[in-house]
Amino acid sequence: MMYPDLKNKTALVTGSGKKTGIGFAIAQKLAASGANVVLADLPPKESGKNPADTDMTTLAQVLAEAYSIKSLAVALDVTRNDTIVKMADAIKEQFSAIDILCNNAGTVFGVPNAVHTYPEDAWLKTIDVNLHGVFRVSRAMIPLMMKNGGCIINVASRAAKVPPLFNGAYAVAKAGVVMLTKVMARELAGSGIRVNAICPGVIHTDFTRWRFELEARILNSSTEAREAEMLKTIPLGRLGDAAEVADLVLFLSSGASAYMTGQAINITGGQLMEL
Ligand code: NAD
């Protein structure tokens, strides 16, 4: 166990209901460290998951059994306050408080488009999920962290710092997440709540596979060729793994990072070296 102080803590990870995603990797590593975990995600129909995928309730049970922790699976749409209130009630009932909040849920609508062709509804929806979702969930959960203090980790992106082409709403939203992180870090420092963001580069998930497929279609290329092009820009010469992103989240959740707040840490295989 890398961080023994995570044992018996309670963590909520949004967007964690998909086995292949970064959110579940984070939940799994937290559970392996002895933390109780709340998995929260869109119901399968809305998130467009493959019906063959393991459902979130089963994933939560598997973690509870494997690591002898308590777990909970809750339906959540970070754009809808009614689902957030229900989630908060369920968490209060089972755990009374939380120590770790990882705002990981994220997605993209309307790409590829330049700003001057971007459909307004897709632009607004992208910012609603990625930025306002972090605001809504944090607003509801911070009261559950006030008594004991804790850690908030927001999953931003390299795109928060270097604008990707034709994906402007996502970049703007993630840049907003970095500023929201700093805002919350200052506001909550006196309450013993540290707030940090992480900025992953290109990580092996469905999201990245979808991105390479989209680029291949537009450029009349192949996903393999798109990935090979991408690898040329990454000094470590490979994509990142969700588990490696999870390791950074665990560090930021533990006392090992006790003197860090308001930071936005890159995890990009060296693709982004500027802070
Ligand atoms: P993913 O698509 O595999 O997982 C995202 C999860 O968020 C899904 O389970 C999805 O259902 C959930 N989600 C989407 N909209 C939601 C909503 N309205 N309410 C609740 N849950 C919602 O993607 P991933 O690669 O695991 O991405 C996780 C996070 O990491 C995202 O915030 C993404 O922007 C960020 N990120 C990913 C990469 C990458 O290369 N994969 C790079 C940088 C940042």
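Look up a bit, the structure's there.
Our subject in this report is the structure included herewith. (Residues numbered from 1 in each chain as written. Predicted model: local features only at pLDDT ≥ 70, side-chain atom pairs only at ≥ 80, totals over all residues. Heavy atoms only, no water.)

**Things to note about the sheet that holds strand 5 (residues 150-155)**
Spatially, the 7 strands line up as an open sheet ordered 3-2-1-4-5-6-7, and their pairing is parallel. Strands at the two margins of the open sheet, each flanked by one partner only, are strand 3 (71-75) and strand 7 (264-267). Averaged over all pairs of adjacent strands, the angle between their axes in this sheet comes to 15°, without regard to strand direction. Judged from the 4 bridges that link them, strand 4 (residues 100-103) and strand 5 form a sheet pairing that is parallel. Bridged to L101 within strand 5 is I152. (Pairing = 2+ DSSP bridges. Helix = DSSP H or I, 4+ residues; strand = E, 2+ residues; numbered from the N terminus. Axes fitted to C-alpha atoms, helices over the stretch in contact; angles between N-to-C directions.)

**So, the packing of aromatic side chains**
A full pass over the atoms with the stated rule returns 3 aromatic pairs. Ring centres 5.1 Å apart and planes at 85° place the aromatic pair Y118 and W123 in the edge-to-face group. Note on Y118: relative accessible area 9%, which makes it buried. With a relative accessible area of 21%, W123 lands in the partly exposed category. Measuring from centroid to centroid gives 5.9 Å for Y170 and F207, while their planes differ by 50°, and the two rings are tilted. With a gap of 37 residues between them, Y170 in helix 6 (residues 168-188) and F207 in helix 7 (residues 206-218) connect regions that are remote in the sequence. Residue class for Y170 comes out buried when judged on its relative accessible area of 9%. Judged by its relative accessible area of 35%, F207 is partly exposed. (Phe/Tyr/Trp six-rings, centres within 6.5 Å; stacked < 30°, edge-to-face > 60°. Buried < 20%, exposed > 50% of the residue type's maximum accessible area, 1.4 Å probe, protein only.)

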